[in-house]
Amino acid sequence: RNLDVNMDIYSDFEKRNATDPNTGKISSKVFAKEVIPKGSYIMLEDLASSLIISDGTIANLKGNTEVSGAGRVSVIEDLLSFIDNHGHKSSAEGSGINLVEVGGSFMIRRSEDASEANVGKWMPSYPSGKEPTYSPVYERHRASFDLFLVATRDIEEGEELVKPIDLWD
């Protein structure tokens, strides 16, 4: 499976709606149903089902919304909004590939406060800040590196899952 076979996979979470007391906005949140040890994989099946869409396809969809006389194209506009909110570019520079979370993982709350996050990328950023020019390991595991999440610390039963807002930047 090309994953660390010594780490557990956690896919069973509780999803709840919550109302923000400040704005009144209802949002979905994800909570651990059991203790999740640091380094464990989070929602692999959800993340593996992510939509892969090219830059060209996104540009074509945007173009379709600008055609005059075509009527309402709210479905396309909603899709583009969803891609903007829940998608990210592949770490493979120049690939033109975007990955859009469509499973339950897109409901994990994002926080500007990095200390609040308990979920992160399976592969952290390369130490020098820039990946090597070519690495067979990186190329072989690129899709996994672009998608998979792990617990960055132990997550207690009933604790909300939170990822940093700049996770894929």
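Residues numbered from 1 in each chain as written. Predicted model: local features only at pLDDT ≥ 70, side-chain atom pairs only at ≥ 80, totals over all residues. Heavy atoms only, no water.

Asks: Outline the layout of surface pockets, supporting the account with residue identities and numerical values.
Replies: The volume enclosed by the largest pocket comes to roughly 700 Å³. In this structure, the largest pocket is lined by 27 residues; those nearest its centre are H86, F106, I108, R109 and R110. Looking at the lining of the largest pocket, the elements with two or more residues in it are strand 3 (26–32), helix 3 (74–86), strand 6 (87–89), strand 8 (109–111) and strand 11 (162–164). The biggest single contributor to the lining of the largest pocket is strand 3, with four residues. Counted by class, the lining of the largest pocket contains eight nonpolar, eight polar and 11 charged residues. (1 Å grid on protein atoms, 1.4 Å probe; cavity = no way out; pocket = protein on both sides within 12 Å on 5 of 7 lines; lining within 4 Å. Points joined across faces, edges and corners; volume = space filled by probe spheres on them. Helix = DSSP H or I, 4+ residues; strand = E, 2+ residues; numbered from the N terminus. Nonpolar A, V, L, I, M, F, W, Y, C, P; charged D, E, K, R; others polar.)

Asks: Any details on the pattern of salt bridges? Residues and values, ideally.
Replies: Under the definition given, this model contains six salt bridges. Between K89 and D55 there is a salt bridge whose closest N-O contact spans 2.7 Å. With a gap of 34 residues between them, K89 in strand 6 and D55 in helix 2 (residues 55–65) connect regions that are remote in the sequence. Among the residues examined, D55 registers a relative accessible area of 33% and is labelled partly exposed. (Salt bridge = Lys/Arg side-chain N within 4 Å of Asp/Glu carboxyl O. Buried < 20%, exposed > 50% of the residue type's maximum accessible area, 1.4 Å probe, protein only.)

Asks: Outline the confidence of the model for the protein, listing residues and values.
Replies: Per-residue confidence for the protein averages 85 on the pLDDT scale, and 83% of its residues sit at or above 70. Of all helices and strands in the protein, the one with the weakest mean pLDDT is strand 1 (residues 9–10) (67), whereas strand 11 scores best (95). (pLDDT = per-residue confidence, 0-100.)

Asks: Explain the packing of aromatic side chains residue by residue, including any values.
Replies: A full pass over the atoms with the stated rule returns three aromatic pairs. Ring geometry for F82 against F106: centres 5.2 Å apart, planes inclined by 70°, an arrangement best described as edge-to-face. Placement of F82 in helix 3 and of F106 in the loop between strand 7 (97–100) and strand 8 is noted, with a sequence separation of 24 residues between them. Taking 6.2 Å as the distance between ring centres and 50° as the angle between the ring planes, the aromatic pair formed by W122 and F148 counts as tilted. With W122 in the loop between strand 9 (119–121) and helix 4 (136–147) and F148 in the loop between helix 4 and strand 10 (149–151), the pair connects residues that are 26 residues apart, well separated along the chain. Of the residues examined, W122 reaches a relative accessible area of 21% and is grouped as partly exposed. One aromatic cluster is present, formed by Y41, W122 and F148 through successive ring pairs. For R16, the ring lying beneath its charged end belongs to F31, and the centroid distance is 3.7 Å. (Phe/Tyr/Trp six-rings, centres within 6.5 Å; stacked < 30°, edge-to-face > 60°. Lys NZ or Arg CZ within 6 Å of the ring centre and 35° of its normal.)

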